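# Examination of the molecular architecture
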Amino acid sequence: MREFDYRRATDVAGAVALLGADPDTRYLGGGTNLVDLMKTGVERPARLVDIRELPLDRIEPAPDGGLRIGATVTNADLAAHPEVRRRYPALAQAVLAGASGQLRNMATVGGNLLQRTRCGYFADVTRPCNKRIPGSGCPAVEGEHHNHAILGASEHCVAVHPSDMAVPLAAFDAVVHYETADGPGELPLADFYPPVGETPHLETSLPAGALITGVVLPPAPVAARSRYRKVRERASYAFAIGSLAAALDIRDGAVHEARLALGAVASRPWRARTAEEVLTGAPAAPETYAAAAEAELAAARPLPHNGYKVTLMRNLVVAVLTELAEEAAR
């Protein structure tokens, strides 16, 4: 591991000043992803700015009636918070599905949003990877890609975003708040992760030197009846091969409102807006759910060894929406 300088920030302005726009400095939250990448040589920061003591560890009501979640709130505290469990249950379920209890005690909300892909070629510094070294190539296209993207990928990168937490945040229109030397800013999660295109090394739309200070969930009554379902290759904690955050509001036998976001199928959480359009106003029935899934997945472009994800995600959408509808009818 490369030797590095370590600083501990005590306020947001001080943290931003310590980082500046220095490409060799990183913020350190729980370290559950960054430290691993430092050990493998993928990340080689010259300085770490520890932000765990910043006053960003609260979950509180937002002025519009939503919920504000501080960037250093741990995943454990997020999953256990009564308002999160009551108003956005899919978010609590996603966090609980995402890692072991030990990791949830350390990992932070801000760090979760910034975690890097788990693609094996990205993690292996002896191999080319356009995320690590722009222009070096993407060996996953012709190589090991069974858990890679089927939506929104490009010839330059076919890796998927690994976060469970970000999937319900996408479904519920979360907004990421940040601080820079020029002042505060915000990004809807829909804009937080840019399309992979020709620049897979540009993983977020944050300005240089920005510090995430929190995430705001707007009021969403439909989210109170929501669910997160994760499919993985083993029952123990593992990254998803497909996941879904879904919320459903059914009135008089028809879908009044639906929210869907897919995970582990693209370089970012995939908001299923086409499926939502098909669902809205249609009969609340398995045939509708299947039609919505098929409409969304019509854009899928699987690789030779990950086409199974198309069928998996179709079945997952139908199963979860059916469960939500049955629960609403009780």
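Residues numbered from 1 in each chain as written. Predicted model: local features only at pLDDT ≥ 70, side-chain atom pairs only at ≥ 80, totals over all residues. Heavy atoms only, no water.

An unreviewed UniProt entry lists the protein chain under the name Molybdopterin dehydrogenase, with Streptomyces malaysiense as the source organism.

Scanning the protein chain for helices and strands turns up 13 helices and 12 strands. Over its C-alpha atoms the protein chain spans a radius of gyration of 20 Å, differing by no more than 12% from the 20 Å that the globule rule assigns to 330 residues. With the C-alpha coordinates of the protein chain rotated into their principal frame, the extents come out at 60 × 50 × 35 Å. Here the protein chain holds 330 residues, and the buried ones make up 53% of them. When contacts within the protein chain are restricted to residue pairs at least 6 apart in sequence, long-range pairs at least 24 apart make up 63% of them. Accessible area for the protein chain stands at about 14,500 Å²; split by element, carbon and sulfur atoms hold 52% of it. Averaging the positions of the 34 positive and the 38 negative side-chain charges in the protein chain gives two centres separated by 4 Å. (Helix = DSSP H or I, 4+ residues; strand = E, 2+ residues; numbered from the N terminus. Rg over C-alpha atoms; globule rule 2.2 N^0.38 Å. Buried < 20%, exposed > 50% of the residue type's maximum accessible area, 1.4 Å probe, protein only. Contact = heavy atoms within 4.5 Å. Areas by Shrake-Rupley, 256 points an atom, 1.4 Å probe, with all protein chains shown as cover. Lys, Arg positive; Asp, Glu negative; His and termini not counted. Charge placed at Lys NZ, Arg CZ, Asp CG, Glu CD.)

Across the sheet, which stays open at both edges, the 4 strands sit in the order 9-10-11-12 with antiparallel pairing between neighbours. The open sheet has two edge strands, strand 9 (226-231) and strand 12 (270-271), and neither has a second partner. Two elements, strand 11 (residues 254-263) and strand 12, share 2 bridges in a ladder whose sense is antiparallel. Residue L262 lies in a different strand from strand 12, and its bridge partner there is W270. (Pairing = 2+ DSSP bridges.)

What follows covers the side chain of N306. Considering the arrangement of structural elements, one finds N306 in the loop between helix 12 (286-297) and helix 13 (308-329). Polar contacts involving the side chain of N306 include one to the main-chain carbonyl oxygen of H148, which spans 3.0 Å. Beyond its immediate stretch of four places on either side in the chain, N306 contacts H145, H146, H148, A149 and I150. (Polar contact = N/O pair within 3.5 Å; in protein donor to acceptor, adjacent residues only side chain to side chain.)

Right, let's talk about empty space enclosed by the protein for a bit. If a probe as big as a water molecule is rolled over the atoms, it shows which places are left empty. With the rule as written, the count across this model stands at 2 cavities of 30 Å³ or more. The calculated volume of the largest cavity comes to roughly 80 Å³. Considered class by class, the residues forming the lining of the largest cavity number 10 nonpolar, 5 polar and 1 charged. The computed volume of the second largest cavity comes to approximately 40 Å³. Surrounding the second largest cavity, L260, L262, A272, A275, A293, E296, L297, M313 and V317 form its lining. Those elements that provide at least two residues to the lining of the second largest cavity are strand 11, helix 12 and helix 13. Taken together, the residues of the lining of the second largest cavity break down into 8 nonpolar, no polar and 1 charged. (1 Å grid on protein atoms, 1.4 Å probe; cavity = no way out; pocket = protein on both sides within 12 Å on 5 of 7 lines; lining within 4 Å. Points joined across faces, edges and corners; volume = space filled by probe spheres on them. Nonpolar A, V, L, I, M, F, W, Y, C, P; charged D, E, K, R; others polar.)

Ordered in space as 1-3-2, the 3 strands form an open sheet in which the pairing is parallel. Sheet topology places strand 1 (5-8) and strand 2 (25-28) at the edges, where each strand pairs with a single neighbour. The average angle at which neighbouring strand axes cross in this sheet is 25°, direction not considered. As paired elements, strand 1 and strand 3 (residues 47-50) share 4 bridges and run parallel to each other. In the sheet register, R7 faces strand 3, and the bridge partner there is V49. (Axes fitted to C-alpha atoms, helices over the stretch in contact; angles between N-to-C directions.)

What follows deals with the packing of aromatic side chains. With the rule as written, the count across this model stands at 2 aromatic pairs. Each ring, one from F192 and one from Y193, has its centre 4.9 Å from the other, and the planes form 90°; the classification is edge-to-face. Residues F192 and Y193 agree in their burial class; the two are buried. (Phe/Tyr/Trp six-rings, centres within 6.5 Å; stacked < 30°, edge-to-face > 60°.)

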